[in-house]
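This is what each chain is made of:
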Amino acid sequence: MVERTATTPPRAGEHAAGRVRAAIYGTVIAMSVLAYLGDHEPGPWVTALTVAGTGVVIFLAEAYAEVVGRAYTGVAASSAQEVRAALQQSSWAAVPGLVAGVVLLVLALMGVDLSTRIDITLWVGVAVLGLCSALAGRSTHRRPAVRVAWTLASILVGSVIVALKAAVH
């Protein structure tokens, strides 16, 4: 295995893996915020902005962690290119929260009640987890049965989040 140094550019597969990891993390966090909001019955704008804002906060946390983590590679200071790369990769953590916020707002404008809006958005999150696993599995050289198993496991994780929300509410 080749060891990467601070000046070795990451491969395309590493970029894709980072984006998928960030999207999965963002999806799980957005889903947990959605489950929490179901108890509080905030207005449609508050719900949408809370979930979308959570996506932005996750992005900032991911970007900060990435830049600080890169400092441990032995380079005295991150270059502008490294910071830009960290921001680009981390931006995928914000996408699920932003998409969930838009879905919530559109459903609210359609007159859908809060509980149903949250349930629909949670199931969209389950679909995103399955899609992320399917995309990640596609880039591996594992047998199709293993890829399907990982995708089903992701869908199960999302379904457990939805089930916990239903049990608590």
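Throughout this description, residue numbers start from 1 for each chain and increase along the sequence as written. Only residues with pLDDT of 70 or above have their local features reported here, since the model is predicted, and side-chain atom pairs are shown and tallied only from 80 upward, although totals for entire chains, interfaces and linings are computed over all residues. Side-chain descriptors were evaluated using all non-hydrogen atoms of the structure, hydrogens and water having been removed beforehand.

(A) Quick peek at the overall build of the protein. For the protein, the count of helices and strands is six helices and zero strands. Secondary structure elements are taken from DSSP: a helix is a run of H or I of four residues or more, a strand is a run of E of two residues or more, and numbering for both begins at the N terminus. Going residue by residue from the N terminus, the α and β elements of the protein occur as α-α-α-α-α-α. Exposure classes here rest on a 1.4 Å probe applied to the protein chains alone. A residue is buried below 20% of its type maximum, exposed above 50%, and partly exposed in between. Counting the 169 residues in the protein, one finds 33% classified as buried. Reported accessibility uses the Shrake-Rupley method at a 1.4 Å probe radius. Residues are deemed covered only where the shown protein chains occlude them. A total of about 10,100 Å² of accessible surface is found on the protein, and carbon and sulfur atoms cover 70% of it.

(B) Main features of the nonpolar core. What is meant by a nonpolar core is a set of buried Ala, Val, Leu, Ile, Met, Phe, Trp, Tyr and Cys residues, joined one to another through side-chain atoms within 4.5 Å. Met31, Leu34, Val51, Leu104, Ile118 and Leu122 are the most contacted members of the largest nonpolar core, which totals 17 residues. Among the secondary structure elements, those contributing two or more residues to this core are helix 1 (12–37), helix 2 (44–71), helix 4 (95–109), helix 5 (114–138) and helix 6 (144–168).

(C) Structural context of the confidence of the model for the protein. Per-residue confidence from the predictor is reported as pLDDT, a score between 0 and 100. Per-chain confidence: the protein averages 78 in pLDDT, with 83% of residues scoring 70 or above. Across the protein, the element-wise mean pLDDT spans from 77 in helix 1 up to 89 in helix 4. Across residues 1–8 the pLDDT falls below 50, and counting only partners more than four positions away or on other chains, this stretch makes five contacts in the model. Contacts are assigned to residue pairs that have any heavy atoms within 4.5 Å of one another.

(D) Representation of the side chain of threonine 121 within the structure. With respect to the element layout, threonine 121 can be found in helix 5. Non-local contacts of threonine 121, meaning those with residues more than four positions away in its chain, are made with Leu34, Ala100, Val103, Leu104 and Leu107.

(E) Spatial organisation of the layout of surface pockets. Volume-wise, the largest pocket comes out at about 520 Å³. Lining residues are those with an atom within 4 Å of a point, where the points come from a 1 Å grid over the protein atoms alone and group into cavities, where a 1.4 Å probe fits but cannot get out, or pockets, open sets with protein on both sides within 12 Å along at least five of seven lines. Residue lining of the largest pocket: 25 residues in total, with Arg19, Val20, Ala23, Cys132 and Leu135 positioned closest to the centre. When contributions to the lining of the largest pocket are tallied by element, the ones reaching two or more residues are helix 1, helix 4 and helix 5. If one sorts the elements of the lining of the largest pocket by residue count, helix 1 sits on top with 10 residues. Grid points are joined across faces, edges and corners, and a volume is the space filled by probe spheres set on the points.

(F) Representation of helix 5 in the model. By definition here, a helix of n residues has an expected span of 1.5 Å times n minus one. End to end, helix 5 covers 36 Å across 25 residues, agreeing with the expected 36 Å (1.5 Å per residue, within 8%). Those residues of helix 5 that sit buried are Leu114, Arg117, Ile118, Thr121, Leu122, Gly125, Val126, Leu129, Gly130, Cys132, Ser133 and Gly137.

(G) Quick peek at the packing of helix 2 against helix 3 (residues 80–90). Axes here refer to lines fitted to C-alpha atoms; in helices the fit is confined to the stretch in contact. Angles between the N-to-C directions go from 0 to 180 degrees. Where helix 2 contacts helix 3, the axes come no closer than 8 Å and their chain directions differ by 145°. Where helix 2 crosses over helix 3, the two elements pack in a sense that is right-handed. Residues Phe59, Glu62, Ala63, Glu66, Val67 and Arg70 of helix 2 lie in contact with helix 3, whose contacting residues are Glu82, Val83, Ala85, Ala86, Leu87 and Ser90. Side-chain classes follow a simple rule in which Ala, Val, Leu, Ile, Met, Phe, Trp, Tyr, Cys and Pro form the nonpolar group, Asp, Glu, Lys and Arg form the charged group, and the remainder, Gly included, forms the polar group. Its residues placed into classes, the contact of helix 2 with helix 3 shows seven nonpolar, one polar and four charged. The hand of a helix crossing depends on one turn: near helix anticlockwise from the far one by less than a right angle means left-handed, and clockwise means right-handed.

(H) Just a nonpolar patch on the surface, in detail. On the surface, Val56, Leu60 and Leu98 cluster together into a nonpolar patch covering about 240 Å² of accessible area. As for its placement among the helices and strands, leucine 98 is situated in helix 4. The patches described consist of residues with a relative accessible area above 30% and no salt bridge, like charges being joined within 9 Å and nonpolar side chains (Val, Leu, Ile, Met, Phe, Trp, Tyr) within 5 Å. For salt bridges, the criterion is a side-chain nitrogen of Lys or Arg within 4 Å of an Asp or Glu carboxyl oxygen.

(I) Representation of the packing of helix 4 against helix 5 within the structure. Closest axis-to-axis distance for the helix 4/helix 5 pair is 10 Å, and the angle between their directions is 145°. Helix 4 and helix 5 meet at a crossing whose hand is right-handed. Across the interface between the two elements, Ala100, Val103, Leu104, Leu107 and Ala108 from helix 4 touch Arg117, Ile118, Ile120 and Thr121 from helix 5.

(J) Examining the environment of tyrosine 25 more closely. For tyrosine 25, the location among the structural elements is in helix 1. Of the residues examined, tyrosine 25 reaches a relative accessible area of 42% and is grouped as partly exposed. Each C-alpha atom, one on tyrosine 25 and one on glutamate 62, is 9.8 Å from the other, the two residues being 37 residues apart in sequence.

(K) Just the environment of glutamine 89, in detail. Within the secondary structure, glutamine 89 is located in helix 3. Among the residues examined, glutamine 89 registers a relative accessible area of 14% and is labelled buried. Taking C-alpha positions, glutamine 89 is 9.5 Å from alanine 17, a pair spaced 72 residues apart along the chain.

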